[in-house]
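Observations on the model geometry
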Number of protein chains: 2
Amino acid sequence: MIRVVLVDDHPVVRSGIRAMLAGQPDVELVGEAATGEDGVELARRLAPDVVLMDLQLGAGIHGSEATRRIVALGGPRVLVLTTFDTDADILAAIDAGATGYLLKDAPSDDLHTAIRSAAAGSSALAPSVASRLLGRVRAPDTTLTPRELEVLGHVAAGLGNRQISREMFLSETTVKTHLVHIYAKLGVDSRTAAVAAAIRKGLIRPS
Amino acid sequence: MIRVVLVDDHPVVRSGIRAMLAGQPDVELVGEAATGEDGVELARRLAPDVVLMDLQLGAGIHGSEATRRIVALGGPRVLVLTTFDTDADILAAIDAGATGYLLKDAPSDDLHTAIRSAAAGSSALAPSVASRLLGRVRAPDTTLTPRELEVLGHVAAGLGNRQISREMFLSETTVKTHLVHIYAKLGVDSRTAAVAAAIRKGLIRPS
DNA sequence: GCTGGAATACACCTTTTGTACGATGTGGCG
DNA sequence: CGCCACATCGTACAAAAGGTGTATTCCAGC
């Protein structure tokens, strides 16, 4: 029997996960918490096999910080739950020692298999997302320089080259040069396509 | 018995709402949909009393657009589900005829009372949103036509005008005409700025 | 049966953007 | 020191996008 603790600030999500796990004979939901602090405390006290951790907790410590503390306990594996796979802090959670991550809109089968492989200690990420994550982390040359990222941010904000040049105290030519490099690295050939690609890869945050 | 249809792209959320409604004697969940299109179709066919509508649907039409179409049917009341009450498009949903809105992190009691008051025809707006509604002057026509939304979606995907024209079986000039209208409605003057504005207003999905 | 929005389409012109050559300076590193 | 990535600027040209004006069709609403 795999003992699971769930940490999520949304009652709806907790209820949904609870319902999804209810039908599983080899999984038992032993505790729920709405905040990171409570989650850490619960993990310490109940020593579950797996902790399902939401990243965007409304109040208190962030999910990745809670993950770090739970991993430090030594026992439980942490599976990160997140709404968007474009989320930049998935990497932070992995870095904090999360065993894997799951999209909240994943079908319930993915949830079950992910829990089981996490409990089994396999540090492999969920199959459906593993390739995407790996592709993002070690993609060929998607490493934009700081300056290029800055330019890309302004492009995504809808600024033209001249506006960007003024904003960054550059000549328009330099902005263009940066853009050429950005296009090459992202494999696109227009500013709008670059924004689309950057959002898809989580290089910039849409807001 | 209040008949309810649920529209949300997240299986976890659907499962959670379903579990929350299961214990209610006077509420019956008669249908679920994962996309706006399916939701509209379901509302048309089942003629429920209340439709629970998520705003951020992963693919297809936006929740506010689905709300508009369902309200146009005449029968069902639409109760909007949203993750953050800072969401800009709550107003769009209210404008589209939603009876009220509900935060996803609301306790289950709130959900039940909101459903009942929606079914009774009275609107359930949280104070914070109500005040913002009062303080806001009528936004100048940000309602894009379906065709314009379609064009905007392709623009956000990074396509050029010619590619869009081929994709939609149009002439390039027609695409341009649509874009001119889109720019006017969004208050911008370039395709990239339009994408930025559309993402900020939740008109299109980033990913 | 008229009005008006939506969708379609074109011409003409200006501005912006992308591309293709360059070029210089700086800082880190083997 | 020499190499290289990064950042900076230039000119010139081609392609794409944006701006303005006009026009037709269709369909819904008054």
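Residues numbered from 1 in each chain as written. Chains lettered and ligands numbered in written order. Predicted model: local features only at pLDDT ≥ 70, side-chain atom pairs only at ≥ 80, totals over all residues. Heavy atoms only, no water.

Named according to an unreviewed UniProt entry, chain A is Response regulator transcription factor originating from Nonomuraea rhodomycinica.

Here's the deal with the sheet that holds strand 1 (residues 2-7) of chain A
One key point about sheets: their strands pair by backbone hydrogen bonds, in either a parallel or an antiparallel sense. All names here are of chain A. Counted only if it meets this: Here, strands pair whenever DSSP counts at least two bridges between them. Here a strand is any run of E in DSSP of at least two residues, a helix any run of H or I of at least four, and the numbering for each starts at the N terminus. Whenever a helix is involved, its axis is fitted only over the stretch in contact; in every case the axis is a line through C-alpha atoms, and angles between N-to-C directions fall within 0 to 180 degrees.
What the five strands build is an open sheet, ordered 2-1-3-4-5; its pairing is parallel. For this open sheet the edge positions go to strand 2 (27-33) and strand 5 (100-103), each flanked by a neighbour on one side alone. Across the sheet, the mean angle from the axis of one strand to that of its neighbour is 25°, orientation sign disregarded. Relative to strand 3 (residues 50-54), strand 1 is paired through four bridges, and the arrangement is parallel.

So, the interface of chain A and chain B
Interface extent is often summarised as the accessible area lost during association of the parts. Selection rule: Contacts are assigned to residue pairs with any non-hydrogen atoms lying within 4.5 Å of each other. Put simply, buried area is the surface a 1.4 Å probe can reach on two separate parts but cannot reach once they are joined, added for both. By definition, a salt bridge exists where a carboxyl oxygen of Asp or Glu is found within 4 Å of a side-chain nitrogen of Lys or Arg. Under the rule applied, a polar contact is a pair of N or O atoms within 3.5 Å (in protein, one hydrogen donor and one hydrogen acceptor; residues adjacent in sequence only if both atoms are side-chain atoms).
If you look at the interface, chain A gives 30 residues, while chain B gives 29 residues. Both faces combined, the contact of chain A with chain B buries some 2200 Å², and carbon together with sulfur accounts for 70% of it. Looking at the side of chain A facing chain B, the largest losses of area belong to His10(A), Val12(A) and Thr192(A), adding up to 25% of the total buried there. Where chain A meets chain B, there are zero salt bridges. Our count for the chain A to chain B interface comes out at three residue pairs in polar contact (both at pLDDT 80 or more).

Thoughts on the protein's contact with DNA strand D
Selection criterion: Being near a molecule or strand, for a residue, comes down to having at least one heavy atom within 4 Å of it. The classification used treats Ala, Val, Leu, Ile, Met, Phe, Trp, Tyr, Cys and Pro as nonpolar, Asp, Glu, Lys and Arg as charged, and all other residues, Gly among them, as polar.
Taken together, 19 residues form the shell around DNA strand D, and within it Thr145(A), Arg147(A), Thr173(A), Tyr183(B) and Arg191(B) come nearest. Close to the protein, within 4 Å, the atoms of DNA strand D are drawn from sugar and phosphate at a rate of 66%. Contacts to DNA strand D include Thr177(A), whose side-chain N or O atom sits 3.2 Å from a base nitrogen. Taking Lys176(B), its side chain carries an N or O atom lying 2.9 Å from a base oxygen of DNA strand D. Secondary-structure elements contributing two or more residues to the surface near DNA strand D are helix 7 (146-156) and helix 9 (172-186) of chain A together with helix 8 (161-168) and helix 9 (172-186) of chain B. Class assignment for the residues of the surface near DNA strand D results in five nonpolar, nine polar and five charged.

Let's talk about the sheet that holds strand 3 (residues 50-54) of chain B
All names here are of chain B. Strand order in the open sheet made by the five strands is 2-1-3-4-5, with parallel pairing throughout. Of all the strands in the sheet, the pair left with one neighbour each is strand 2 (27-33) and strand 5 (100-103). Neighbouring strand axes in the sheet, compared pairwise and without regard to direction, differ in orientation by 25° on average. Sheet analysis places strand 4 (residues 77-82) next to strand 5, joined by four bridges and oriented parallel. Residue pairing across strands places Thr 82 opposite Leu 103, the latter belonging to strand 5. Strands strand 1 (2-7), strand 2, strand 3 and strand 4 of the sheet are contacted by helix 1 (residues 11-22), whose axis makes an angle of about 165° with strand 2.

Side note on the environment of Ile61(A)
Residue and element names in this part refer to chain A. For clarity, the threshold we go by: The buried label goes to any residue with under 20% of its type's maximum accessible area, the exposed label to any with over 50%, and the partly exposed label to all in between, with areas taken from a 1.4 Å probe on protein chains only.
Among the structural elements, Ile 61 can be located in the loop between strand 3 and helix 3 (63-73). The buried category is assigned to Ile 61, whose relative accessible area is 14%. Distance in space between the C-alpha atoms of Ile 61 and Thr 35 is 7.6 Å, their sequence separation being 26 residues. Aside from chain neighbours lying at most four places away, what touches Ile 61 is Gly 36, Glu 37, Val 40, Ala 66 and Arg 69.

Here's the deal with the protein's contact with DNA strand C
Contacts to DNA strand C come from 19 residues, most closely from Tyr183(A), Arg191(A), Thr145(B), Arg147(B) and His178(B). Here DNA strand C approaches the protein such that, of its atoms within 4 Å, sugar and phosphate make up 65%. Note that a phosphate oxygen of DNA strand C is positioned 2.8 Å from one of the side-chain N or O atoms of Arg147(B). Ser171(B) places a main-chain nitrogen or oxygen 2.9 Å from a phosphate oxygen of DNA strand C. Contributing elements (two or more residues each) for the surface near DNA strand C: helix 8 (161-168) and helix 9 of chain A together with helix 7 (146-156) and helix 9 of chain B. Counted by class, the surface near DNA strand C contains five nonpolar, nine polar and five charged residues.

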